[in-house]
Structures are given as structure tokens and as C-alpha cells.
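Observations on chain architecture
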Amino acid sequence: MPLVAGLDFGGGAVKACVADVERGEVLAVAQEPTETRHPSPSRAEFDPDAWWRAAAAAMRAAVAQAARAPADYAAISVTSLRQGYVLLDDDGELGAGVVNADRRGADHLERVRQAIGRERLYEITGHWSAPQLTLPKLLEEQRSGRLQRARTMLFVHDWALWRLCGERVSEPSMASAGQLLDVQSRTWAVGILEALELDRSMLPPLVEAGTRVGVLRDEDLGLPSGIAVVVGGGDTQLAA
């Protein structure tokens, strides 16, 4: 009976589960608290290493609770909060990750509206302007110079996949929640990026939920290495 492991990254905890997909039965659930730091009133950040240690501890606990043989495991997938992200260079994370409650993009909303147009922005992305969305946050990262040092922007879900298997990909529900997706074509909103002088090359390929993107190489999760790593998506979308 194939088992699937799952990780869910929220603002206050990371949860791990083990499920029997043939029976539709959840065999084990465990969680570890995560810390969100607020270096200023408008900022909400996390330590990627600390969050990953929490994820590994939660998964080890769920695997122990399930008490099944390593050969029973087929895959692991991920879901996460939306709008949060991590910037990476060639070697790894560029400092703190950013969570959805962060409002560092507030000063850039008018720039977005002027460059794109309020109605056109909604037509393309399905979102009105808001400081919590990833698009205006990236403009603040651009202003500060941090974005220019990055090779890739990964949403929290994407970052977790990268930690699991080393692949840098994203998924439409994550991109949409970040106000970076053309919702009609299910592709990155390239016209918006160009109008705001944001580098398209920092965004990874988009792949659909359920796609196998690699194999597990992290040995700290209590799972057998080599099982499939499968794309998940936004927490609300998958819950629905």
C-alpha cells in the first residue's frame, strides 16, 4: 500500500502527515512550532534553516507514529502559506524568508497602479493592489538591492521543494496568490514584470500540482531517500 508524506508550512507551525492514498486514510500527523520575526512593524520574516529543522522534526515524528516500512513510501508533497517567499543565489538562501503578513510593499502600490492600471492589473492577475502581495514586496526588494543579488525567487512551497530535491520550480496557485500570474494563460505575467522592470529570469518554471519534479535527497526527514517529490500548491487551494 503506497504511502504519501506531506509537509504544510504555516505562519505558526509546520505540520507533517503520512497518508495511505489507496484507502484515503491519514495514518499520522505531527507538528512543530515556527517563529515569525518582526524586525520592524511592516516586516514579517523567518529563518529558513530554523523552519526546515522544524519540518524535519515534524516529519520524523509523523513517520515514527505511522510505524510503516520504508519500502511502503512512494512520495512526498508540500503545501504552504501563500505570498511568502525566499530569495536564493546560486548557493542558497539570501538571508531571511518573507511571510504573507509582511507589508514591505506598501510604498509601491501606487507605482504598480500607475504602471499597469488598476482595472488592467485585476484583469490580468485576479487581484487588486494590496501590500501583502508578493508583487509590491519584490519592488521593495528591488529598491533595497537585495533582488539584484538573487538568482531565483521561490514561494515558500517552492522553497520546500528545493530543499527536498534541489529543483527550482513554482506552481500556478502560488504564483496567482503572489499577483504574478496571468490567470487566463496560467503563465507568469511577463508584461507586468517588464512594465515594473522586474527581471523575468528570477522566476522558475511553472509546473502543475501533482507533477513529479525530483527525488528526495534530504536524509533528515526519517523518510527513505529516492522517493518521488511531487508538486503541491497553496494551502487554501489544496484544502478546497
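Shown above is the structure to which this text applies.
Residues numbered from 1 in each chain as written. Predicted model: local features only at pLDDT ≥ 70, side-chain atom pairs only at ≥ 80, totals over all residues. Heavy atoms only, no water.

**What about the overall build of the chain?**
In terms of helices and strands, the chain carries eight helices and 12 strands. By the compact-globule yardstick of 18 Å for 240 residues, the chain fits well, its C-alpha radius of gyration being 18 Å. Seen through its C-alpha atoms, the chain measures out along the principal axes to roughly 55 × 35 × 30 Å. Relative to its full complement of 240 residues, the chain shows a buried share of 53%. (Helix = DSSP H or I, 4+ residues; strand = E, 2+ residues; numbered from the N terminus. Rg over C-alpha atoms; globule rule 2.2 N^0.38 Å. Buried < 20%, exposed > 50% of the residue type's maximum accessible area, 1.4 Å probe, protein only.)

**As for the pattern of salt bridges**
Where charged atoms of side chains with opposite charge meet at close range, the side chains can pair. Taken as a whole and judged by the stated rule, the model has 15 salt bridges. Of the charged contacts in the structure, one is a salt bridge between Glu140 and Arg43, with a shortest N-O distance of 3.5 Å. Remark: Arg43 occurs in the loop between β3 (25-33) and β4 (45-46) and Glu140 occurs in helix α4 (residues 134-144); sequence separation between them is 97 residues. Classification of Glu140 as buried rests on a relative accessible area of 8%. We note a salt bridge from Asp72 to Arg68, for which the minimum N-O separation is 3.5 Å. A network of salt bridges, in which partner residues are shared, links Glu45, Asp102, Arg104, Glu141 and Arg146. (Salt bridge = Lys/Arg side-chain N within 4 Å of Asp/Glu carboxyl O.)

**Things to note about the pairing of strand β5 (residues 73-80)**
Among the eight residues that make up β5, seven are buried, leaving the element largely enclosed by the rest of the structure. Two strands pair when backbone bridges link them, and strand β1 (residues 3-9) and β5 are joined in this way by seven bridges, in the parallel orientation. Its bridge partner being in β5, Leu3 is matched across the sheet by Tyr73. In the sheet, β5 pairs with strand β12 (residues 228-234) via five bridges, with the strands oriented parallel. Opposite Ala75, over in β12, you have Ala228 as the bridge partner. (Pairing = 2+ DSSP bridges.)

**What about the sheet that holds β5?**
Where strands meet in a sheet, backbone hydrogen bonds hold them as pairs that are either parallel or antiparallel. Taken together, six strands build an open sheet; the order of strands is β3-β2-β1-β5-β12-β11 and the sheet is mixed. Unpaired on one side and paired on the other, β3 and β11 (212-215) mark the two borders of the sheet. Adjacent strand axes in the sheet meet at a mean angle of 25° when their direction is disregarded. The strands touched by helix α1 (residues 48-66) are β1, β2 (13-20), β3 and β5; relative to β3, the strand with the most contacts, the crossing angle is about 145°. (Axes fitted to C-alpha atoms, helices over the stretch in contact; angles between N-to-C directions. Contact = heavy atoms within 4.5 Å.)

**Digging into the environment of Asp47**
Relative to the helices and strands, Asp47 is located in the loop between β4 and α1. Taking relative accessible area as the criterion, Asp47 reaches 29% and is therefore assigned partly exposed. Along the sequence, Asp47 and Gly10 sit 37 residues apart, while their C-alpha atoms lie 13 Å from each other.

**Re the nonpolar core**
Judged by nonpolar contacts, the single largest core of 45 residues is most densely connected at Phe9, Ile76, Trp159 and Leu223. Elements with a minimum of two residues in this core: β1, β2, β3, α1, β5, β6 (85-88), α5 (156-165) and β12. Broken down by element, this core gets its largest block of residues, 10 residues, from α1. Not counting the four nearest positions on each side in its chain, Phe9 is found in contact with Val14, Trp51, Trp52, Ala55, Val78, Thr79, Ser80, Leu81, Val156, Trp159 and Ala160. Core analysis: the next-biggest nonpolar cluster, separate from the first, contains 27 residues, Leu121, Met153, Leu180 and Leu198 among them. (Core = buried A, V, L, I, M, F, W, Y, C linked by side-chain atoms within 4.5 Å.)

**Focus: the packing of helix α2 (residues 109-116) against α4**
Closest axis-to-axis distance for the α2/α4 pair is 9 Å, and the angle between their directions is 110°. As the angle between them shows, α2 and α4 are arranged roughly perpendicular. On the side of α2, the interface is formed by Leu109, Arg111 and Val112, while α4 contributes Leu135, Pro136, Leu139 and Gln142. Across the contact of α2 with α4, the residue classes break down as five nonpolar, one polar and one charged. (Parallel < 35°, antiparallel > 145°, perpendicular 65-115°, else oblique. Nonpolar A, V, L, I, M, F, W, Y, C, P; charged D, E, K, R; others polar.)

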